[in-house]
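Here is how the chains run, residue by residue.
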Amino acid sequence: MTVNIAHILPWRSIGGTEHGTLRLADAVAGHYNSTIFYLKGASPVRGMFAHARFDTVAYEPIIPSYRHLKKFLQDSYALSQEFKRREIDIVHCSDILAGYHAAVAGRMANLPVVCHVRSRYEEVSLREANFLRAVNRFIFVSQDTWRRFGFRVPPRSGRVVYDGIDLWAHAGDLGVARQAKQAVLAEFGLPECTKIVGMVARLAPEKDYETLAKAAARIVAAHPHVRFLIVGDNSLEAVHREHYQKVRQTLAENGVAPFFVFTGFREDVPRIVSAMDVFVLSTHVEGFPLVILEALAQGKPVVATAVDGIPEIVHDEVTGLLFSHRDDVRLAAQVTSLFKIEGRAAALGQAGREWVRANFTVERFATNMMNVYEGVVHSKGGRLRSELQPLRQIELARI
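Given the structure is predicted, the values throughout are model-derived calculations rather than measurements. (Residues numbered from 1 in each chain as written. Predicted model: local features only at pLDDT ≥ 70, side-chain atom pairs only at ≥ 80, totals over all residues. Heavy atoms only, no water.)

Novice: What's the story with the pairing of strand β2 (residues 32–39) in this structure? I'm lost.
Specialist: Looking down a regular strand, the side chains alternate between one sheet face and the other. Among the eight residues in β2, seven count as buried, and that is most of the element. Sheet topology note: the strand β1 (residues 3–8)/β2 ladder contains six bridges and is parallel. Bridging across to β2, Ile 5 finds its partner in Ser 34. In terms of handedness, the path from β1 via helix α1 (residues 16–28) over to β2 forms a crossover that is right-handed. As paired strands, β2 and strand β3 (residues 55–59) are joined by five bridges and run parallel to one another. When the bridges of β3 are listed, Thr 35 appears paired with Asp 55. (Buried < 20%, exposed > 50% of the residue type's maximum accessible area, 1.4 Å probe, protein only. Helix = DSSP H or I, 4+ residues; strand = E, 2+ residues; numbered from the N terminus. Pairing = 2+ DSSP bridges. Right-handed = clockwise from strand over helix to strand, strands pointing away.)

Novice: How do you make sense of the sheet that holds strand β11 (residues 278–281) when you look at a structure like this?
Specialist: Within a sheet, each strand pairs with its neighbour through backbone hydrogen bonds, oriented either parallel or antiparallel. Taken together, six strands build an open sheet; the order of strands is β10-β9-β8-β11-β12-β13 and the sheet is parallel. Pairing within the sheet leaves two strands with one partner each, and these edge strands are β10 (260–264) and β13 (321–323). Neighbour-to-neighbour, the strand axes of the sheet open up by a mean angle of 20°, direction not taken into account. Across three bridges, the pairing between strand β12 (residues 302–305) and β13 is parallel. What sits directly across from Ala 304, in β13, is Leu 322. Strand contacts of helix α8 (residues 209–222): β8 (195–200), β9 (226–231), β10, β11 and β13, with the helix running at about 160° to β9, the strand carrying the most contacts. (Axes fitted to C-alpha atoms, helices over the stretch in contact; angles between N-to-C directions. Contact = heavy atoms within 4.5 Å.)

Novice: Even after reading the chapter, I still don't get helix α13 (residues 344–359), so can you show me in this structure?
Specialist: Since the α-helix turns once every 3.6 residues, residues separated by three or four places project in the same direction. Taking 1.5 Å of rise per residue, 16 residues should cover 22 Å, and α13 covers 23 Å from first to last C-alpha, within 8% of that figure. Considered for burial, the residues of α13 that qualify are Arg 344, Leu 348, Gly 349, Gly 352, Arg 353 and Val 356. Taken around the axis of α13, the buried residues stretch over an arc of 155°, which confines them to a single face. Opposite the packed face of α13, turned more than 90 degrees from it, sit the exposed residues Ala 346 and Ala 347. (Expected span 1.5 Å × (residues − 1). Arc of directions from axis to C-beta.)

Novice: In this structure, what is going on with the pattern of salt bridges? I would like to understand it.
Specialist: Note on pairing: side chains with opposite charge can pair once their charged atoms come close. Enumeration according to the criterion identifies 24 salt bridges in this entry. In this structure, the salt-bridge partner of Arg 86 is Glu 82, at a minimum N-O distance of 2.7 Å. For Glu 82, a relative accessible area of 19% translates into the label buried. The salt bridge involving Asp 144 is made with Arg 147; its shortest N-O contact spans 2.9 Å. (Salt bridge = Lys/Arg side-chain N within 4 Å of Asp/Glu carboxyl O.)

Next up, the structure:
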């Protein structure tokens with residue numbers, strides 16, 4: 001029997017959640033059918049999955065609210081009927097917001113509900129927790145994400161599933177990397193002697209560009225041929241446009257604006273990463289950054305902030321280099337060491353690539369996710385119905 005999964009996407013733009021869901025749907029294809037439920041009006045999200053040949057369904061935004069509980073329940077019921085009409089077997093909420101949107105609808109349809117937790121959520125209010133009680137199984141992208149989660153999840157209801165990547169798509173090749181670097185240098189008008197320190201991250205407040213700017217001042221003082229290549233949206237979303245202006249101001253204040261190049265949103269990220277000499281990720285929070293896996297798979301030396309799930313990927317001085325949150329001095333020292341110490345960058349890059357090959361393949365990711373799905377499918381039936389009834393009683397009593 002074919003098992004149908006409804007992936008619930010709660011955002012109007014394309015980001016890590018959408019890419020993660022696409023990887024997941026691709027990884028389990030052939031074993032499970034995936035239908036993408038996207039917010040009505042989110043045409044970029046629909047286009048991304050339609051291009052990949054997945055069925056897509058628009059749904060109205062569902063706002064979890066006790067003040068407007070009747071509307072919430074009506075909207076949830078309408079979504080539950082759509083699940084039934086499409087013969088959905090599992091509802092997979094792509095992140096916590098999706099859980100607030102659709103977990104109750106899934107349970108109204110008497111379906112198991114799985115919810116990904118992709119980032120740090122240390123504070124979950126009692127009101128929010130009540131809606132999350134509709135989730136049957138939580139999937140955490142890292143041990144740290146589970147440990148910090150502000151809603152208690154017992155071992156039987158949670159599991160850490162590390163993401164994985166297609167190694168063939170990100171295989172490092174020196175010849176290809178040299179060609180890519182020449183092309184990238186030419187595209188952005190940079191001299192051949194340039195050393196590229198790259199970061200793949202949208203221009204958002206949670207990305208710590210201030211620390212990167214301060215570290216850049218120290219790095220270019222020692223290595224004036226370094227340029228910082230920033231790959232990520234800085235114009236498509238209003239919040240990104242606004243933060244981009246703040247970042248430009250910070251760069252100017254630190255005297256490094258001429259050393260930064262912003263590419264904006266790109267669809268050829270692997271090619272640009274292959275052109276980098278050093279990959280950096282400076283951030284305030286980060287559940288499990290796939291961009292680090294992609295850089296490691298290409299044999300790039302990685303320097304990243306030691307927050308959240310990052311130390312579960314980057315083992316300091318072994319598979320990459322770490323620095324403490326907001327420590328621009330250490331960030332600068334780690335990057336400059338890769339230019340100063342002969343063979344250090346290559347050795348770290350090779351170790352990182354082998355680490356990804358052994359632990360973070362798409363095949364392992366697919367197997368682990370299918371084990372989760374098998375577990376919730378086999379638990380369907382009386383137990384889920386017995387859990388659903390008290391949930392309905394609590395909700396209806398508040399109308």
